[in-house]
Amino acid sequence: MPDPSTPFVALRPFIPARDFAASKRFYLDLGFTVTYDGPDVAVLENGPHSFLLQNYYDAGWANNCMMQIVVSDLDGWWQRMMALGLPEKHDIPTPAAPKMQPWGMRVAFLHDPAGVLWHIAEQPQQP
């Protein structure tokens, strides 16, 4: 039986890709680095955080999949992201600008090329 007090080394979700190469380009533009690139899965990292991009697409899964990135400066992140021209470059919907959500966080919303919805949230200020 595993020891539940032993911390995880990583917890990485699998994310679908309708067009594997196009999704990798999108995430590279967002600042991720591809640290493994196989025919069916790629590991994308940003600092200590990572996920597995899967060369597999199911519309129901992709359109109901959501991820969250928490940043310390949402306005700065938003400006850098908008300067990338992601909707034109990657044929995605226009991102939704940051605003306060009912659950108490400021969040911007961004869809990837497969339809995965990313919540770009600002870390709440400590009192």
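Since the model is a prediction, treat every value here as computed from it, not as a measurement. (Residues numbered from 1 in each chain as written. Predicted model: local features only at pLDDT ≥ 70, side-chain atom pairs only at ≥ 80, totals over all residues. Heavy atoms only, no water.)

**Student:** Hey, could you run me through the pattern of salt bridges in this one?
**Tutor:** Pairing between side chains of opposite charge can happen when the charged atoms of each approach one another. One pass over the structure, following the stated rule, counts four salt bridges. Among the salt bridges present, the one from Lys24 reaches Asp37, with a minimum N-O distance of 2.6 Å. Residue Lys24 is found in helix 1 (residues 20-29), and its partner Asp37 is found in strand 2 (residues 33-37); the two are separated by 13 residues along the sequence. Lys24 gets classed as buried once you look at its relative accessible area, which sits at 13%. Looking at Asp37, the relative accessible area reads 47%, which means it is partly exposed. For Glu122, the salt bridge identified is with Arg106, shortest N-O distance 3.1 Å. Of the two residues, Glu122 is situated in strand 8 (residues 117-122) and Arg106 in strand 7 (residues 106-111); the sequence distance between them amounts to 16 residues. (Salt bridge = Lys/Arg side-chain N within 4 Å of Asp/Glu carboxyl O. Helix = DSSP H or I, 4+ residues; strand = E, 2+ residues; numbered from the N terminus. Buried < 20%, exposed > 50% of the residue type's maximum accessible area, 1.4 Å probe, protein only.)

**Student:** It is not clear to me how the pairing of strand 3 (residues 41-46) should be interpreted in this structure. Could you clarify?
**Tutor:** Here is the key point about a regular strand: its side chains alternate between the two faces of the sheet. Looking at chain direction, strand 2 and strand 3 are connected through four bridges and run antiparallel. What sits directly across from Asp37, in strand 3, is Ala42. Hairpin connection from strand 2 to strand 3: three residues lie between these consecutive antiparallel strands. Where strand 3 lies against strand 4 (residues 49-54), six bridges are found, and the strand directions are antiparallel. (Pairing = 2+ DSSP bridges.)

**Student:** Which parts of the structure should I look at to understand the sheet that holds strand 7?
**Tutor:** Pairing between sheet strands relies on hydrogen bonds along the backbone, with the strands arranged either parallel or antiparallel. A sheet is described by the order of its strands in space; here four strands give the open sequence 5-8-7-6, paired in mixed fashion. Only two strands of the sheet have a single partner each, and these edge strands are strand 5 (66-71) and strand 6 (96-100). Put simply, the sheet's adjacent strands are angled 25 degrees from each other on average, direction ignored. With six bridges joining them, strand 5 and strand 8 adopt parallel strand pairing. Residue pairing for strand 8: Met66 is matched across the bridge by Leu117. The sheet contacts of helix 3 (residues 74-83) involve strand 5, strand 6, strand 7 and strand 8, and relative to strand 7 the element is tilted by about 25 degrees. (Axes fitted to C-alpha atoms, helices over the stretch in contact; angles between N-to-C directions. Contact = heavy atoms within 4.5 Å.)

**Student:** Explanation requested: the packing of aromatic side chains in the structure shown.
**Tutor:** To describe a pair of aromatic rings, one takes the distance between the centres and the angle between the planes. Under the criterion given, the structure shown has eight aromatic pairs. Arranged with centres 5.0 Å apart and planes meeting at 80 degrees, the rings of Phe26 and Tyr27 form a pair that is edge-to-face. Its relative accessible area of 0% is what places Phe26 among the buried residues. Relative to Phe32, the ring of Tyr27 lies with its centre 5.7 Å away and its plane at 85 degrees, an arrangement referred to as edge-to-face. Taken individually, Tyr27 and Phe32 each receive the classification buried, so the pair is uniform in this respect. Members of the aromatic cluster, each reached through a chain of ring pairs, are Phe26, Tyr27, Phe32, Phe51 and Trp118. (Phe/Tyr/Trp six-rings, centres within 6.5 Å; stacked < 30°, edge-to-face > 60°.)

**Student:** Any chance you could explain the pairing of strand 7 here in plain terms?
**Tutor:** Judged from the three bridges that link them, strand 6 and strand 7 form a sheet pairing that is antiparallel. Paired with Ala96 across the bridge in strand 7 is Phe109. Hairpin remark: strand 6 followed by strand 7, antiparallel, with five residues in the connecting loop; positive phi at Gly104, about 95 degrees. Sheet topology note: the strand 7/strand 8 ladder contains five bridges and is antiparallel. In the strand pairing of strand 8, Phe109 is matched with His119. Between strand 7 and the antiparallel strand that follows it, strand 8, lie five residues; Gly115 among them carries a positive phi value of about 105 degrees.

Keep in mind these numbers describe shape, not what the thing actually does.
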